[in-house]
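Residue strings, one per chain:
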Amino acid sequence: MAAGSAALASALLAGCVTAPPSNGPDDLGPILLASLQSGLAPSPTSPARTEALADTLQRHLSAPSGFESPSAAYAAAFYQARAFAPAWTDASGPTARGHVVREVLSTAWADEIYGLTVPPAPTPPHDGPLSPDAIVEHDIALSGALADYIDRATARRPPWASPLLGGVTGAMAEIAVEDVTDAAPGRLFHIVAENDRFARLRRGLLQYQALVDAGGWPAVSPDGPKIEPGGQDPEIRAIRARLRATNDLPPPVPPMLTADASTLDPSLEVAVRRFQARHGLAVDGTIGPRTRTALAMPVERRVQQMALNLRRLRDMPPAPDGRSVEVNIAGATLDGRDNGVTVFQTDVIVGMRDRPTPRLSSAINQLVLNPTWTVPTSIAEKDILPKLRDDPGYLAANGFQLFDGWTSAAAEIDPLTVDWDAPNVNIRAMRLRQAPGGGNALGRIKFLFPNQHDVYLHSTPSHGLFGRSLRTFSSGCVRVRDPLDLAVFILNEPDTWTRETLAARIQSGETRTLRLAHAVPVSIIYLTAWVAEDGTIQFRRDVYDLDARSLAANPDVS
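The rules we used
Residues numbered from 1 in each chain as written. Predicted model: local features only at pLDDT ≥ 70, side-chain atom pairs only at ≥ 80, totals over all residues. Heavy atoms only, no water. Helix = DSSP H or I, 4+ residues; strand = E, 2+ residues; numbered from the N terminus. Buried < 20%, exposed > 50% of the residue type's maximum accessible area, 1.4 Å probe, protein only. Contact = heavy atoms within 4.5 Å. Areas by Shrake-Rupley, 256 points an atom, 1.4 Å probe, with all protein chains shown as cover. 1 Å grid on protein atoms, 1.4 Å probe; cavity = no way out; pocket = protein on both sides within 12 Å on 5 of 7 lines; lining within 4 Å. Points joined across faces, edges and corners; volume = space filled by probe spheres on them. Nonpolar A, V, L, I, M, F, W, Y, C, P; charged D, E, K, R; others polar. pLDDT = per-residue confidence, 0-100. Pairing = 2+ DSSP bridges. Salt bridge = Lys/Arg side-chain N within 4 Å of Asp/Glu carboxyl O. Axes fitted to C-alpha atoms, helices over the stretch in contact; angles between N-to-C directions. Parallel < 35°, antiparallel > 145°, perpendicular 65-115°, else oblique. Polar contact = N/O pair within 3.5 Å; in protein donor to acceptor, adjacent residues only side chain to side chain.

## Some remarks on the overall build of the chain
- On a plain count of helices and strands, the chain comes out with 17 helices and 17 strands.
- Looking at the chain as a whole, 49% of its 558 residues are labelled buried.
- Residue pairs at least 24 apart in sequence account for 69% of intrachain contacts in the chain once pairs closer than 6 positions are excluded.
- Carbon and sulfur atoms make up 53% of the accessible area of the chain, which totals about 25300 Å².

## Considering the layout of surface pockets
- In this structure, the largest pocket spans a volume of roughly 1200 Å³.
- Every residue lining the largest pocket is counted, 47 residues in all, and those nearest its centre are Arg197, Met316, Ala319, Glu326 and Arg337.
- Broken down by secondary-structure element, the contributors of at least two residues to the lining of the largest pocket are α8 (196-213), α12 (299-314), β3 (323-328), β4 (333-338), β5 (341-351), β6 (360-369), β15 (512-525) and β16 (529-531).
- The greatest single-element share of the lining of the largest pocket, amounting to 5 residues, is contributed by β15.
- For the lining of the largest pocket, the per-class residue count stands at 22 nonpolar, 13 polar and 12 charged.
- The computed volume of the second largest pocket comes to approximately 850 Å³.
- What lines the second largest pocket is a set of 34 residues, among which Trp373, Ile379, Asp383, Ser475 and Arg479 lie closest to the centre.
- Put simply, the parts of the chain that give the lining of the second largest pocket at least two residues each are α13 (377-390) and β13 (472-474).
- In terms of residue count, α13 provides more of the lining of the second largest pocket than any other element does, 6 residues in total.
- For the lining of the second largest pocket, the per-class residue count stands at 17 nonpolar, 11 polar and 6 charged.

## A few points about the confidence of the model for the chain
- With 88% of its residues at a pLDDT of 70 or more, the chain shows a mean pLDDT of 88.
- Contacts from residues 1-44, a stretch scored under 50 in pLDDT, to residues over four places away or in other chains number 72 contacts.

## Side note on the sheet that holds strand β7 (residues 373-374)
- One open sheet accounts for 4 strands, arranged β7-β10-β8-β9; its pairing is antiparallel. Edge positions in the sheet fall to β7 and β9 (412-413), since each of these pairs with one other strand and no more.

## Topic: the pattern of salt bridges
- In the structure shown here, the tally under the stated rule is 26 salt bridges.
- Between arginine 292 and glutamate 235 there is a salt bridge whose closest N-O contact spans 2.8 Å. With arginine 292 in helix α11 (residues 289-296) and glutamate 235 in the loop between α8 and α9 (236-245), this residue pair connects regions lying 57 residues apart in the sequence.
- The buried category is assigned to arginine 292, whose relative accessible area is 0%.
- You can call glutamate 235 buried: its relative accessible area is 17%.
- Salt bridges sharing partners connect three or more residues here, namely Glu112, Arg156, Arg311, Arg314 and Asp315.

## Digging into helix α15 (residues 483-491)
- When you tally the buried positions in α15, you get 7 out of 9 residues, the bulk of the element.
- The set of residues buried in α15 consists of Pro483, Leu484, Leu486, Ala487, Phe489, Ile490 and Leu491.
- Phi turns positive, to about 50 degrees, at asparagine 492, one or two residues after α15.

## What about unusual backbone geometry?
- One non-glycine residue, asparagine 339, lies in positive phi territory at about 55 degrees.
- Here asparagine 339 lies in the loop between β4 and β5.

## Some details on the environment of glycine 224
- Secondary-structure assignment places glycine 224 in the loop between α8 and α9.
- Measuring from C-alpha to C-alpha, the distance between glycine 224 and threonine 293 comes to 9.8 Å, with 69 residues separating the pair along the chain.

## Notes on the packing of helix α5 (residues 96-106) against α8
- Viewed as axis vectors pointing N to C, α5 and α8 meet at an angle of 85 degrees, and their least axial separation amounts to 10 Å. Relative to α8, α5 is oriented roughly perpendicular. Between α5, through Val100, Glu103 and Val104, and α8, the contact on the second element is made entirely by Arg202, Leu206 and Asp213.
- A per-class count over the contact of α5 with α8 returns 3 nonpolar, no polar and 3 charged.

## Here we look at the side chain of arginine 355
- Take arginine 355: it is sitting in the loop between β5 and β6.
- A residue is classified by how much of its surface remains accessible, and arginine 355, at 14% relative accessible area, is buried.
- In terms of polar contacts, arginine 355 uses its side chain to reach the side chain of aspartate 383, at 2.7 Å.
- Residues in contact with arginine 355, not counting those within four places in the same chain, are Ile379, Lys382, Asp383, Ser474, Ser475 and Gly476.

## Some points on the packing of α12 against helix α17 (residues 546-553)
- Across the interface, α12 lies against α17 with an axial gap of 11 Å and an inter-helix angle of 95 degrees. With respect to α17, the element α12 is oriented roughly perpendicular. Residues Arg301, Gln304, Gln305, Leu308, Asn309 and Arg312 of α12 pack against Leu546, Asp547, Ser550 and Leu551 of α17.
- Looking at the contact of α12 with α17, its residues break down into 3 nonpolar, 4 polar and 3 charged.

Structure follows, in structure tokens:
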């Protein structure tokens with residue numbers, strides 16, 4: 001990577017990788033802007049110099065062999081519309097915008113676009129600056145590559161994405177005036193998909209690819225000892241360097257050595273907590289096994305992870321208008337959104353690895369207060385039968401009724417009359433129903449939506465597991481930490497349904513079904529990497545090994 005490109009990547013990392021809380025001493029927005037302005041912003045160019053570059057560019061385009069590219073027509077029309085002014089260079093060479101365009105093209109593999117001819121960044125001669133010919137040759141070559149990229153990328157846009165305004169040349173013109181210091185990614189990152197989450201992650205991938213090109217980050221042992229705040233270990237020095245590589249630990253200001261670089265001191269503890277938060281780990285400042293595993297993950301693997309999630313985001317339909325609910329299995333979180341903006345978030349518990357929560361899209365159309373629970377046959381066989389063999393009184397003690405079949409005419413039977421130890425006992429032929437109440441497995445609220453998997457969202461009487469950072473404990477349904485808040489959000493009738501009115505209705509003990517006049521879209525997705533709206537790059541564990549399987553099936557993701 002050229003020096004300017006590396007500097008740009010460094011500046012972007014400072015402003016976007018970890019995004020410390022704003023308005024505080026670690027607010028890096030000004031640092032990003034200053035870095036770009038001081039080292040990468042276009043240098044002042046006199047009108048005469050600009051006109052000379054335009055004349056040189058027009059001469060190169062007019063030469064019979066001066067511009068050979070599959071997208072020559074697009075690029076030529078692009079330059080003609082801008083009076084042959086260079087788009088990605090100035091009198092000193094590539095601009096900040098030019099560097100970013102080149103880095104996007106160099107990582108086109110992440111968009112499943114291969115074989116682009118990306119021009120290398122021009123290197124000034126030892127005896128002086130770049131010549132006008134070298135500058136415009138690079139500008140032309142970069143435009144040709146960009147036109148090729150846009151032309152091929154538009155074919156990958158999902159069917160619901162509107163056509164690019166002005167086609168290839170229109171997109172190029174839009175990119176040519178974008179400010180690369182803007183917090184929100186521009187058109188360059190919205191070529192393949194209009195999804196803002198896609199654009200943020202696509203730009204985030206550039207930053208981690210820059211770390212790959214720079215040689216990666218310092219190695220941290222995944223099997224080292226547990227280090228608590230205040231503890232000492234020789235590997236702390238490497239951990240400091242590792243956290244500085246992604247700006248979880250900002251560099252000292254002014255640069256200086258810490259009093260004891262081998263101690264997990266308060267500043268390092270803050271950095272560890274920041275790292276843990278954006279990796280979905282327990283935020284305790286202690287470097288334990290799971291934190292070590294995340295620290296030890298090679299940057300190349302993180303880039304692959306980001307590329308896999310880009311494919312998922314590309315194929316994700318746009319956020320619906322109005323209210324919607326999204327559950328991220330890998331993150332074990334639920335977001336309530338209003339016109340695509342998150343206004344409510346809570347933790348959830350999802351399915352175990354051998355009973356995974358399915359990915360799906362549907363719409364919540366009913367809420368049930370004080371629900372009964374009819375036990376699925378698989379749970380009855382795998383979970384309840386072993387308990388009955390240990391304690392035949394288990395059903396009665398936990399509010400279950402037992403029926404001798406699944407029809408409405410099935411008779412209730414006494415569990416104590418069944419020989420649960422008999423090898424031929426067929427619990428699947430029996431129906432188990434748990435009465436409403438505080439001990440009901442579904443808790444006090446159930447959220448229903450049509451789906452072939454017979455899964456739903458529900459509350460739970462057991463809240464202890466929400467304190468875990470890894471929350472894969474259910475049999476496929478999604479347990480919600482804050483069901484009252486979710487119900488209020490979904491019902492969206494503040495004059496009728498509040499937390500208080502819902503709690504009172506639940507307290508009555510009556511089972512009641514609330515049918516929504518307007519169903520609320522719900523999607524259950526699987527994302528292990530994304531960039532939050534505040535710019536923080538987030539990673540989560542691959543709880544169902546879907547990333548690992550995708551990488552095995554798609555070795556080109558690199």
